[in-house]
Amino acid sequence: QSTWGLFLFSFMLRAGCGVVSSLRAGLGLLPRHVRSASSRARLVGKHNNYRTLEVSLGELDSLAEGCARSEAVAAAIAEVARAIPEWRASGTRGVFLTVPSRWAATVPELLSLGFKLHHARGDVIVLDHWLDSTPSKLPAYAHHSLGCAGFVLDSERRVLVIRERVAPFAGMPSLWKLPGGAADAGEDIDAAAVREVREETGVETRFVSILAMRQMHKWTFGQSDLYVVCLLEPLTTQITHDRDEIAECAWMPLDDYAASELTPMNKRIAQAAAAGTLSSLRKHPYTWRGREHSVFIG
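Residues numbered from 1 in each chain as written. Predicted model: local features only at pLDDT ≥ 70, side-chain atom pairs only at ≥ 80, totals over all residues. Heavy atoms only, no water.

Peer 1: Before we go on, may I ask you to explain the side chain of Glu 187 in this structure?
Peer 2: Mapped onto the elements of the fold, Glu 187 is located in the loop between strand 9 (180-182) and helix 5 (189-201). Classification of Glu 187 by relative accessible area gives buried; the value is 18%. Of the polar contacts made by the side chain of Glu 187, one reaches the side chain of Arg 195; its length is 2.7 Å. Look past the residues within four positions of Glu 187 in its chain and what remains in contact with it is Ala 192 and Arg 195. (Helix = DSSP H or I, 4+ residues; strand = E, 2+ residues; numbered from the N terminus. Buried < 20%, exposed > 50% of the residue type's maximum accessible area, 1.4 Å probe, protein only. Polar contact = N/O pair within 3.5 Å; in protein donor to acceptor, adjacent residues only side chain to side chain. Contact = heavy atoms within 4.5 Å.)

Peer 1: Looking at this structure, how should I read the nonpolar core?
Peer 2: Burial of nonpolar side chains together is a common tendency in soluble globular proteins. One finds Leu 57, Leu 60, Trp 87, Val 99, Trp 103, Leu 110 and Phe 115 to be the most contacted residues of the largest nonpolar core, which totals 29 residues. Elements with a minimum of two residues in this core: strand 2 (52-56), helix 3 (69-89), strand 3 (94-100), helix 4 (107-112) and strand 5 (124-130). Among the elements that make up this core, the one with the highest residue count is helix 3 (nine residues). Residues within four places of Leu 57 in sequence aside, it is in contact with Leu 43, Val 80, Leu 97, Thr 98, Val 99, Pro 100, Trp 103, Thr 106 and Leu 110. (Core = buried A, V, L, I, M, F, W, Y, C linked by side-chain atoms within 4.5 Å.)

Peer 1: Whenever I open this one, the packing of aromatic side chains confuses me. Can you help?
Peer 2: For the coordinates displayed, the defined rule picks out one aromatic pair. Each ring, one from Phe 207 and one from Phe 296, has its centre 6.0 Å from the other, and the planes form 75°; the classification is edge-to-face. Taken together, the positions of Phe 207 in strand 10 (residues 205-216) and Phe 296 in strand 14 (residues 291-297) put the pair 89 residues apart, joining distant regions of the chain. Overall, the relative accessible area of 22% leaves Phe 296 in the partly exposed class. (Phe/Tyr/Trp six-rings, centres within 6.5 Å; stacked < 30°, edge-to-face > 60°.)

Peer 1: I keep staring at the sheet that holds strand 10 and nothing clicks. Help me out?
Peer 2: Hydrogen bonds between backbone atoms are what pair the strands of a sheet, whose relative direction is either parallel or antiparallel. Strand order in this open sheet of four strands is 9-6-11-10, and the pairing throughout is mixed. Every other strand in the sheet has two partners, leaving strand 9 and strand 10 as the edge strands with one partner each. Taking the axes of each pair of neighbouring strands and ignoring which way they run, one obtains an average angle of 20° across the sheet. When strand 6 (residues 144-152) meets strand 9, the two strands line up antiparallel, connected through three bridges. Counted as the bridge partner of Gly 147 is Ala 182 from strand 9. In the packing of helix 5 onto the sheet, contacts are made with strand 6, strand 9, strand 10 and strand 11 (224-234), and the angle to strand 6 comes to roughly 65°. (Pairing = 2+ DSSP bridges. Axes fitted to C-alpha atoms, helices over the stretch in contact; angles between N-to-C directions.)

Peer 1: Is there a simple way to think about the environment of Gly 94 in this case?
Peer 2: Secondary-structure assignment places Gly 94 in strand 3. Each C-alpha atom of the pair Gly 94 and Ser 136 lies 8.1 Å from the other, and the pair is 42 residues apart in sequence. Non-local contacts of Gly 94, meaning those with residues more than four positions away in its chain, are made with Arg 51, Thr 52, Leu 53, His 129, Trp 130, Leu 131 and Leu 138.

Peer 1: I'm lost on unusual backbone geometry in this one. Help?
Peer 2: A negative phi angle is the norm for most residues apart from glycine, just as the trans form is the norm for most peptide bonds. Its identity is not glycine, yet Arg 51 carries a phi of approximately 60°, on the positive side. With respect to the secondary-structure elements, Arg 51 resides in the loop between strand 1 (46-47) and strand 2. A relative accessible area of 46% means that Arg 51 is categorised as partly exposed. One non-glycine residue, Arg 289, adopts positive backbone phi at about 55°. Among the secondary structure elements, Arg 289 is positioned in the loop between strand 13 (282-288) and strand 14.

Peer 1: What is the right way to look at the pattern of salt bridges in this model?
Peer 2: Where charged atoms from two side chains of opposite charge come close, those side chains can pair. One pass over the full model with this rule turns up 19 salt bridges. Ionic pairing is found between Asp 190 and Lys 283, a salt bridge with its closest N-O pair at 2.8 Å. In this pair, Asp 190 sits in helix 5 while Lys 283 sits in strand 13, placing the two residues 93 residues apart along the sequence. Residue class for Asp 190 comes out buried when judged on its relative accessible area of 13%. (Salt bridge = Lys/Arg side-chain N within 4 Å of Asp/Glu carboxyl O.)

Peer 1: Honestly, the sheet that holds strand 7 (residues 158-164) in this entry has me stumped. Any pointers?
Peer 2: Taken together, three strands build an open sheet; the order of strands is 8-7-12 and the sheet is antiparallel. A single partner strand is all that each edge strand has here, and the edge strands are strand 8 (176-177) and strand 12 (246-253). The sheet contact formed by strand 7 and strand 12 spans seven bridges and is antiparallel. Counterpart to Ile 162 in the pairing with strand 12 is Cys 249. In this fold helix 5 packs onto strand 7 and strand 12, with an angle of close to 65° to the strand it touches most, strand 7.

This is the structure in structure tokens:
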């Protein structure tokens, strides 16, 4: 929220709130060529199964042709203001409005029309507006991040471990831990674990199963965090670690690792592995509605 506040504050300092002042005087005060473009440009969007409209200001790009930026912004705001009563009358319960960065100047006035900041991603800002008289049922933006680690165990019962160059918490020693990190957008859990191990240690692996999952709240940007530990089979053993992030990397006997100072999560996993009591979830791919998915079953 503070990030958004700084963004809006800095934006209004640069652009000035007068950019959209003609909205309050009505679309009729816009120049004739802008009114002509406005009569052709309409927000249409697409409804989903929950009577929620997904619409983009990119549908109004024609308003920016042949007119000043301030005029285009005012015309776009006027079109949104015109559309809101129509959406409400048609039974639309909520609206997700995507604002491409080229239309960012409209955001302050869109907030005054009842929209709220939902999220920003890449070069778009997404606003939402609940039009129904009942409490809003619009889903919040994603509130969990996902990390994946590899528990790489070789035939000699050695586990691949790393010591980070910078400890994650102030005053905390850099403990031996499992190689891992954040999953990329659209990346499968198993692929993320294999990639992170390769990037941090240079060791190639094959996914076997999921061993454990940890949930933590109030993590990066105040988000909740899921961390999934995967059992990986090593395909190579030579270590070439990432010296920017990793201070040390080694193959350590499992019993020694389980007996060393570890984070609570890694301690429990290592002790269970040493005792032979680990259970796991294996990946079962399937296709549903033309898309590939996976379920992990024990």
